[in-house]
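Single-letter residue listing:
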Amino acid sequence: MHMAFHRHPLFWQLTSVVLLIIALFSHLGYLPLDLASDEPRRALVALEMMLSGDYLTPTLNGAPYFNKPPLYNWLIAASYYLFGNYSSFALRFPMALSLVLYGITIYFLIKPHLGPKIAFAVAMMLVTTSRILLYDSLLGLIDITFSWLTYTAFVWVYAFDKKKNYWALFGLTYGLTALGFLMKGLPSLVFQGLTLLSYFLYTRQFRRLFHPAHFAGAALFLLIVGSYYAAYFTRNDIPLEQVANVLFSESAKRTVVEFGVGQTLLHMLTFPFEMVYHYAPWMLMAVLLFRRLSMSLSMPSLEAMASVKTPVKTSTGATLHPFVRFSAITFFVNFLIYWSSPQVYARYLLMLLPLLYTVFAYFYYERSRPTDWQRRTVEGIFGAVTVVVALGVWVPFFLPQTNAIPGLWWKCGILCMALGFVAWQYVRQPVNRLLVLFAFMALVRIGFNTFVLPGRVEKRMMYKTTSEQAARLTLGAPLYGYKNTIGDDGAADVNSFHIEAVRGELLCQTAQKIPGAFYIADSASLAGERYRTFYQFYLFDRHAVKLVRFD
């Protein structure tokens, strides 16, 4: 008797992938620039590179910007060129493409070690993590692309060590580290150093750190990074110490050095619970580890770690695959940096999630039984959530920000039936439950696109339309930010981007009064001045400003 196609794992794999592609790209450019993240800054730096023609010197409002090297801004600029505009879609396309490639990379890196079932599960868990699915995948930020490169470097350490190919190990991982440095600075070096040191200490191969290939890899890193900065300092008369201090402070300002011991200890107590919130729903699968913690990460032999398929035997008689062991250790060692850093955003850990999810998926498929209380607890909670969400689709009728959405009846009806079908199949197909959940999460994102995003348009659009109107009023004349009205704190990046995109010129700051020029100025900078007002609008933080000309 043939199995019904909707009960086959392939059906749910294809369904979840197709739904996710639709969910991720259909509304990618729906919203204007985000107001509460670094997205306007990423957009503005890339735009100013294109307007100035200087791709070596990142700037904000014409002033040098040292916080991040330029690689990701080059990707955004390339996307602007590709689509022929400065739209939100073009800004976010490198991130969305990186997310898809990140998932594909996870699959192909894990598959040789743990098989296609676990590899697919880990890749989909990463993409459907609530933090990524409902937030990061809507923003044109660095973190997903940076995490993709960093995770690849993690796994290549293990993969090439097994093959005894140390030239590839150090050369490729340091090459990725260099690219990561040119995106985000020092964190890439910290990840590389901690991973190499912990791995070779754990496998009792400390001498490998003195292999000639390691020095060659470090030299490759210096060559790539040094080539950029040599060109940068050749073009710009800026002290090296100034750039280095900013790069260091960007990494150190979130640590115990800045916040002290008290706040650090409080953060270490609360952060694991924050992870459950940010990385739902898959953090719930940590329950699967409870009775298995006796399978400690004891020191294996080098031969066992080098084996492709042979699990490692622990003192308790339990077995744990060496790649799972590697993932757990690499996660924990690198996680400690963020666990001890009070000012940490959830997106900073996206490169570590596949390591943790590898452990979860392995325990789910290989180390648990359907009758285990841990497995029944996890699946029971997931099942209850699918039912609640399917019924909760009708909530938009009772909320003022959503009850006026056109076609609400048929949109809610279709989504309710789709989620109801998935919830029913979750109950009927115990073997495919994890795959069914991936399709469920994709439908959640489609519902989020349909019912939540429209309510966010108005506020963002206000800043866009008023900034563009101010820009149009000044076409053909110089325009400046007066004194510190357009500051370097990031508050006005969204306004600056929209103004520069319309005018095709950089919006710089000045305290000089130039005949015939327009100025964007606030009440503090205009005190005691004689001027004529042409327009009034708001900067991002509701900071009232005027478009003026001085008498």
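Scope of this entry: the structure provided in the associated data block. (Residues numbered from 1 in each chain as written. Predicted model: local features only at pLDDT ≥ 70, side-chain atom pairs only at ≥ 80, totals over all residues. Heavy atoms only, no water.)

## Looking at helix α7 (residues 143-162)
- Taking 1.5 Å as the rise per residue, α7 with 20 residues should run 28 Å; its terminal C-alpha atoms sit 29 Å apart, in good agreement.
- Bending of α7 peaks at approximately 25° at the position of W156.
- Burial within α7 is extensive, with 19 of its 20 residues counted as buried.
- Once α7 finishes, K164 follows within two positions and takes phi at roughly 60°, a positive value. (Helix = DSSP H or I, 4+ residues; strand = E, 2+ residues; numbered from the N terminus. Expected span 1.5 Å × (residues − 1). Bend = angle between axes of the 7 residues up to and from the residue. Buried < 20%, exposed > 50% of the residue type's maximum accessible area, 1.4 Å probe, protein only.)

## A short note on the pattern of salt bridges
- Under the definition given, this model contains 15 salt bridges.
- D38 is the partner of R347 in a salt bridge, and the nearest nitrogen-oxygen pair spans 3.4 Å. Of the two residues, R347 is situated in the loop between α14 (322-339) and α15 (353-366) and D38 in the loop between α1 (9-26) and α2 (39-52); the sequence distance between them amounts to 309 residues.
- By relative accessible area, D38 is classed as partly exposed at 33%.
- With a closest N to O distance of 2.3 Å, K513 and E529 form a salt bridge. Here K513, found in the loop between β6 (508-510) and β7 (518-521), pairs with E529, found in the loop between α21 (523-526) and β8 (531-538); they are 16 residues apart in sequence, far enough to count as distant. (Salt bridge = Lys/Arg side-chain N within 4 Å of Asp/Glu carboxyl O.)

## Concerning the nonpolar core
- Membership of the largest hydrophobic core comes to 144 residues, with the highest contact counts inside it found for W282 and L352.
- Not counting chain neighbours up to four residues away, the residues in contact with W282 comprise M125, T128, T129, Y357, F360, F382, L434, L437, F438 and M441.
- Formed by 14 residues, the second largest nonpolar core is a distinct cluster that contains I486, A492, V545 and L547. (Core = buried A, V, L, I, M, F, W, Y, C linked by side-chain atoms within 4.5 Å. Contact = heavy atoms within 4.5 Å.)

## Considering the sheet that holds β8
- If you trace the five strands from one edge of the open sheet to the other, you get β6-β5-β7-β9-β8, paired in mixed fashion. The open sheet terminates on both sides in strands that have one partner only, identified here as β6 and β8. Shown here is a sheet whose adjacent strand axes are inclined to one another by a mean of 35°, direction ignored.
- As defined by bridge partners, β7 adjoins strand β9 (residues 544-550) across three bridges and the pair is classed as antiparallel. Among the inter-strand pairings, I520 is bridged to a residue of β9, identified as L547.
- Across the sheet, helix α19 (residues 454-473) touches β7, β8 and β9, and the angle it forms with β8 is around 155°. (Pairing = 2+ DSSP bridges. Axes fitted to C-alpha atoms, helices over the stretch in contact; angles between N-to-C directions.)

## As for the environment of L126
- Along the chain, L126 turns up in helix α5 (residues 116-127).
- Taking C-alpha positions, L126 is 26 Å from P454, a pair spaced 328 residues apart along the chain.
- If we skip the residues at most four places from it in the chain, L126 touches L99, Y102, I106, I132, L350, L353, P354 and Y357.

## With respect to the packing of helix α16 (residues 373-392) against helix α18 (residues 433-451)
- The geometry of α16 relative to α18 is characterised by a closest axis approach of 11 Å and an angle of 35° between their N-to-C directions. As for how α16 packs across α18, the hand of that crossing is left-handed. Of α18, the residues touching α16 (which contributes E379, F382, V385, T386 and V389) are R433, L437, F440 and V444. (Left-handed = near helix turned anticlockwise from the far one by under 90°.)

## Some remarks on the side chain of N73
- Within the secondary structure layout, N73 lies in helix α3 (residues 71-83).
- The contact partners of N73, leaving out residues within four places of it in the chain, are R42, V45, A46 and M49.

Geometric descriptors of this kind do not, in isolation, establish any biological role.
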